[in-house]
Amino acid sequence: MIPWGYTVPAVASVIVVVLFELAVLKTGLFRKPAYWFTMAIVTGFQIPVDGWLTKLSAPIVLYAPEHITGWRFPWDIPVEDFLFGFAMVTAVLLLWERARSREEAR
């Protein structure tokens, strides 16, 4: 059974953001080492915070099991959280890059 509630939107958000960059914005962000370094920093902070919020021993944030894959890594973090995090941060950076390039063109 496909967990439609959280997994499908998480995967779709990544696909939409990546396609938006490759087909529309074309900022070249994915080719920049600074982008990947930024994503490593974001993930480095996301793991302890999200791990604390979603730890199965004393969760603060609960997920309905039928809405997620059940895959958790590391420290009980649902993998879907990383997908949404990637899409959200990448979308913001893409729009920032787009705005910066438009400002420089003026």
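About the thresholds
- Sequence order as written defines residue numbering, which begins from 1 separately in each chain.
- At least 70 in pLDDT is required for a residue's local features to be given in this predicted model, at least 80 for side-chain atom pairs to be given and counted, and no such filter applies to totals for whole chains, interfaces and linings, which use all residues.
- As a rule here, side-chain values cover all heavy atoms of the structure and leave hydrogens and water aside.
- In this description a helix means any DSSP run of H or I spanning at least four residues, a strand means any run of E spanning at least two, and both kinds are numbered starting from the N terminus.
- Partly exposed residues are those whose accessible area sits between 20% and 50% of the maximum for their type, while under 20% is buried and over 50% is exposed, using a 1.4 Å probe and protein chains only.
- It only takes one pair of heavy atoms within 4.5 Å for two residues to be counted as in contact.
- Patch definition: residues with relative accessible area over 30% and no salt bridge; like charges joined within 9 Å; nonpolar side chains (Val, Leu, Ile, Met, Phe, Trp, Tyr) joined within 5 Å.
- Here, Shrake-Rupley sampling with a 1.4 Å probe gives the accessible areas, and only protein chains in the shown set may cover a residue.
- By definition, a salt bridge exists where a carboxyl oxygen of Asp or Glu is found within 4 Å of a side-chain nitrogen of Lys or Arg.
- Stacked, edge-to-face and tilted are the three classes for Phe, Tyr and Trp ring pairs, Trp counted by its six-membered ring, which pair at centre distances within 6.5 Å; planes under 30 degrees apart are stacked, over 60 edge-to-face, the rest tilted.
- Simply put, an axis is a line fit to the C-alpha atoms, just over the touching stretch for a helix, and the angle between two N-to-C directions goes from 0 to 180 degrees.
- Each angle receives one of four descriptions, namely roughly parallel if under 35 degrees, roughly antiparallel if over 145, roughly perpendicular if within 65 to 115, and oblique otherwise.
- What makes a crossing left-handed is the near helix being turned counterclockwise from the far one by less than a right angle; a clockwise turn instead makes it right-handed.

- By the naming in an unreviewed UniProt entry, the protein goes by Lycopene cyclase domain-containing protein and is assigned to Amycolatopsis coloradensis.

1. Examining the overall build of the protein
Line of reasoning, step 1. When its secondary structure is counted, the protein shows 3 helices and 0 strands.
Line of reasoning, step 2. Along the chain direction, N to C, the helices and strands of the protein fall in the order α-α-α.
Line of reasoning, step 3. Counting only C-alpha atoms, the protein reaches 55 × 30 × 20 Å along its principal axes.
Line of reasoning, step 4. The 106 residues of the protein split such that 31% are buried.
Line of reasoning, step 5. Here the analysis covers contacts within the protein between residues at least 6 apart in sequence; of these, 65% occur between residues at least 24 apart.

2. Some remarks on a nonpolar patch on the surface
Line of reasoning, step 1. Together, Val 11, Ile 15 and Leu 19 make up an exposed nonpolar region whose accessible area comes to about 250 Å².
Line of reasoning, step 2. With respect to the secondary-structure elements, Val 11 resides in helix α1 (residues 7-25).
Line of reasoning, step 3. Under the relative-accessibility criterion, Val 11 is labelled partly exposed at 37%.

3. What about the packing of aromatic side chains?
Line of reasoning, step 1. Under the definition given, this model contains 5 aromatic pairs.
Line of reasoning, step 2. Ring centres of Tyr 35 and Trp 36 lie 4.7 Å apart, and the angle between their planes is 75 degrees; on these two criteria the pair is classed as edge-to-face.
Line of reasoning, step 3. The class for Tyr 35 is buried, based on a relative accessible area of 2%.
Line of reasoning, step 4. Grouping aromatic residues by their ring pairs yields a cluster made of Tyr 6, Tyr 63 and Phe 84.

4. Observations regarding the packing of helix α2 (residues 33-54) against helix α3 (residues 79-105)
Think of two packed helices as two axes; the pair is described by the angle between the axes and how far apart they sit.
Line of reasoning, step 1. Contact geometry of α2 with α3 gives a least axis separation of 11 Å together with a crossing angle of 140 degrees. With respect to α3, the axis of α2 lies oblique. Of the two elements, α2 crosses α3, and the hand of that crossing is right-handed. Within the contact between the two elements, α2 uses Tyr 35, Thr 38, Met 39, Val 42, Thr 43, Gln 46, Ile 47, Asp 50 and Thr 54 and α3 uses Asp 81, Phe 82, Phe 86, Val 89, Thr 90 and Leu 93.

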